[in-house]
Each structure stands twice: as structure tokens, then as C-alpha cells.
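Here is what each chain is made of, one letter per residue.
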Amino acid sequence: MRVFVTGATGFIGTAVVQDLLEAGHTVVGLARSDTAAATLRAAGAEAHRGSLDDPGSLHDGAAAADGVIHLAYRHDFSDHAAFVEAGELDLRAVEAIGKALDGTGKPFLATSGTLPLAAMAPGRVGTEDVRAEPGTDRPRLATENAVVALAGRGVRASVVRLAPSVHGEGDRGFVPLLIDTARATGAAAYVGDGANRWPAVHRLDAARLFRLALETAPAGSVLHGTAEEGVPFRAVAEAIGAGLGVPVVGITAEEAGGRFGFLSGMVPVDNPTSSALTRELVGWNPERPSLLEDLGAGHYFSGRTSIF
């Protein structure tokens with residue numbers, strides 16, 4: 001297939017592009033700049049100039065492709081308004097791509113996250129059949145509903161919910177932010193007893209899932225990119241403490257805001273998430289290192305910082 005990929009030069013996107021190319025697909029990546037276009041060409045892909053702020057470029061890129069993988073997202077958590085605006089931008093991007101694919105039967109993969117499952121399925125393991133309420137305006141969830149609705153408009157559309165920790169060398173997401181925080185404060189912290197769980201997936205396993213879903217996922221399906229159902233947050237803090245050589249401490253929920261900033265609401269969340277249905281549906285078999293194995297390898301502590 002000729003596959004249009006947004007976010008193609010990002011941490012996950014570069015792995016998705018490589019996996020697609022190795023499987024024999026042609027890749028056209030969305031490029032916001034000359035530098036991004038050059039990066040794509042060096043990887044063996046083609047470049048399509050445009051951005052999330054330009055729905056026309058998204059429509060045209062999708063219309064010229066046999067399938068679309070939408071990974072790009074504005075990761076702005078500086079305040080609630082920015083968070084909401086990022087979600088609205090994502091929804092507009094999905095709508096632009098959807099219009100280009102209407103009635104074609106072509107595959108369209110969009111990206112969401114597992115963290116909302118903690119509220120949608122409290123006290124139990126989140127599964128793929130837990131869906132957002134119709135009409136919700138919550139960021140990511142509104143996009144999920146819009147993508148699933150495309151299945152009724154002749155698009156083989158699916159959603160991939162990714163774990164909050166998509167880890168591996170080059171990670172600049174939530175785990176590096178936790179490391180930066182521990183380095184700055186002199187201690188790696190967890191909230192309460194630290195028994196709450198975050199699911200995790202290696203970026204190369206996540207990339208394989210996107211490719212398999214593009215090739216085989218049924219219209220309207222929701223898939224989970226979680227190789228590990230739930231890693232206790234205390235274990236993550238202990239691995240960070242060991243990697244930095246700093247103490248590991250438990251703090252209260254009231255203290256979390258001063259230490260973790262915008263992450264304070266996420267750190268104590270219990271978000272166990274199953275991918276059993278996903279594995280059965282598309283034949284996904286994660287095989288890369290676990291989050292704790294990755295943290296133990298040392299590359300997370302070489303001084304890189306988070307994008308946030």
C-alpha cells in the first residue's frame with residue numbers, strides 16, 4: 001500500500017515508517033519543514049508538505065494514499081485550555097482525513113491513549129470493548145468516536161490506544177519527564193504506596209501493531225498498544241532512583257502537584273489495560289524489552305530531557 005503517515009518523524013512515527021517500509025509498503029510522511037522532509041527521504045520515504053494546522057494538506061495526503069496512519073499530536077499540556085485546544089486540533093485533523101476517505105474502504109488508523117480508561121472502567125482492567133460515551137467532548141475520546149463513526153461511512157477506520165509509556169531509546173515523553181523531575185528534586189517519588197499501575201509498550205512493538213492494524217484490523221475496531229498490562233508505579237520510581245543514584249520516596253497526593261506539575265494528576269492513576277483482544281484480532285505478539293528492562297539498560301539516564 002501507499003501509506004500516508006502523520007507524525008512520521010516523531011519517536012513512534014519513525015519506527016512505524018521503518019516497519020512499513022520493511023514490510024514492502026510505500027510511505028509518504030507529513031512534513032512541516034525542509035528538515036522533516038529531508039529526514040523522511042533519508043529513511044526511504046516520500047514527503048508531503050503540510051501540518052495539522054492545514055486541513056487541506058491532510059485531505060490531499062489522505063486522498064492520494066491507499067491507507068492512512070495518524071500519529072501527529074500537539075503535546076501541549078501547559079494549561080487546560082492548551083490541552084483542550086490540542087484535542088480539538090486532533091479532531092479537525094481526523095475529520096479532514098475522513099472526508100478524503102469516505103466510501104473508499106481504505107484503512108485509517110488514528111491514535112488515542114489508555115489513561116481515560118481509568119475513569120471509564122474504574123477498579124478493573126480496561127479492555128478494548130470499553131468505549132467513550134456518545135457526544136463526549138473530552139480530548140482524545142471525541143476523536144475516538146469520530147474515527148469509529150467513519151466505519152459507517154465506508155472507511156476501514158480503527159483506533160489504537162497507546163500506553164502512557166511508549167518506551168525505548170530516544171524516548172522524550174513521560175518517563176524522561178519523571179527522570180528529569182527526580183534529577184531536579186534529588187529523589188524519585190511515587191504517590192501513596194505506589195501500587196497503582198501504568199501499562200507500557202516498546203516503540204518497536206507499537207510500530208508493529210500499527211502496521212498489522214493497517215493491514216488487517218476490521219472497521220470500527222479499537223486496539224490496545226499495551227505489551228505490559230500494568231507496571232506498579234513504585235517499581236518505575238525505584239528503577240529511576242537506581243539509575244540516577246537518588247533515594248526513592250513516597251509522597252502524598254497533596255504534595256504531588258508541587259513535584260510533578262501537570263503530571264500530578266496522572267502519576268497516581270491506576271490504569272491496568274489488557275491487549276488480549278488486540279493480540280487475537282490482528283496477531284500482534286510484543287517481544288521487545290519491558291519498561292523496567294529498558295530503564296535498567298542505562299540509556300534513559302544519559303542526560304536527554306523530555307519534550308514537555
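Analysis parameters
Residues numbered from 1 in each chain as written. Predicted model: local features only at pLDDT ≥ 70, side-chain atom pairs only at ≥ 80, totals over all residues. Heavy atoms only, no water. Helix = DSSP H or I, 4+ residues; strand = E, 2+ residues; numbered from the N terminus. Rg over C-alpha atoms; globule rule 2.2 N^0.38 Å. Buried < 20%, exposed > 50% of the residue type's maximum accessible area, 1.4 Å probe, protein only. Contact = heavy atoms within 4.5 Å. Core = buried A, V, L, I, M, F, W, Y, C linked by side-chain atoms within 4.5 Å. Pairing = 2+ DSSP bridges. Axes fitted to C-alpha atoms, helices over the stretch in contact; angles between N-to-C directions. Left-handed = near helix turned anticlockwise from the far one by under 90°. Nonpolar A, V, L, I, M, F, W, Y, C, P; charged D, E, K, R; others polar.

**Q** Would you mind showing me how to read the overall build of the chain here?
**A** Helix and strand counts for the chain stand at 12 helices and 12 strands. Taken against the 2.2 N^0.38 rule, which gives 19 Å for 308 residues, the C-alpha radius of gyration of the chain at 19 Å falls within 12% of a compact globule. Within the chain, buried positions represent 52% of all 308 residues. For the chain, contacts bridging at least 24 residues in sequence account for 79% of all contacts bridging at least 6.

**Q** Before we go on, may I ask you to explain the nonpolar core in this structure?
**A** Core analysis: the largest hydrophobic core is formed by 33 residues, its most contacted members being V5, V16, L20, I69 and F210. Of all elements in the fold, only β1 (2-6), α1 (11-22), β2 (26-31), α2 (34-43), β6 (156-162) and α8 (203-216) reach the threshold of two or more residues within this core. Top contributing element to this core by residue count: α8, with 7 residues. I69 has contacts with V3, F4, V5, T6, V16, L20, L109, F210 and L214, leaving out every residue within four places of it along the chain. L177, A188, V236 and A239 belong to the second largest nonpolar core, which has 28 residues in total.

**Q** Looking at this structure, how should I read the pairing of β6?
**A** When a strand is regular, its side chains alternate between the sheet's two faces. Burial analysis of β6 places 6 of its 7 residues in the buried class, which makes it a mostly covered element. Pairing of strand β5 (residues 107-113) with β6, which is carried by 7 bridges, proceeds in the parallel orientation. From the neighbouring strand, T111 faces β6, where its bridge partner is V160. By the bridge criterion, 4 bridges tie β6 to strand β10 (residues 222-225) in an arrangement that is parallel. When the bridges of β10 are listed, V159 appears paired with V222.

**Q** Is there a simple way to explain the packing of helix α3 (residues 55-63) against helix α4 (residues 80-101) in this structure?
**A** In a pair of packed helices, the angle between the axes and the distance between the axes together describe the arrangement. Look at α3 against α4: their axes get within 8 Å of each other, and the N-to-C directions meet at 35 degrees. Where α3 crosses over α4, the handedness of that crossing is right-handed. Residues P55, L58, H59, A62 and A63 of α3 lie in contact with α4, whose contacting residues are A93, A96, I97, K99, A100 and L101. Of the residues that constitute the contact of α3 with α4, the class distribution is 9 nonpolar, 1 polar and 1 charged.

**Q** How should I be thinking about helix α6 (residues 141-149) in this particular structure?
**A** Residues three or four positions apart in an α-helix share a direction because the helix packs 3.6 residues into each turn. Those residues of α6 lying buried are L141, A142, T143, E144 and V147. On its buried side, α6 packs onto α4, β5, α5 (117-120) and β6.

**Q** What is the right way to read the sheet that holds strand β7 (residues 165-167) from this model?
**A** Working definition: the strands of a sheet are paired by backbone hydrogen bonds and lie parallel or antiparallel to each other. Strand order in the open sheet made by the 3 strands is β7-β9-β11, with mixed pairing throughout. For this open sheet the edge positions go to β7 and β11 (228-232), each flanked by a neighbour on one side alone. The sheet shows a mean angle of 40 degrees between the axes of neighbouring strands, taken without regard to direction. Sheet strands touched by helix α9 (residues 233-244): β9 (197-202) and β11. Its angle to β11, the strand with the most contacts, is close to 65 degrees.

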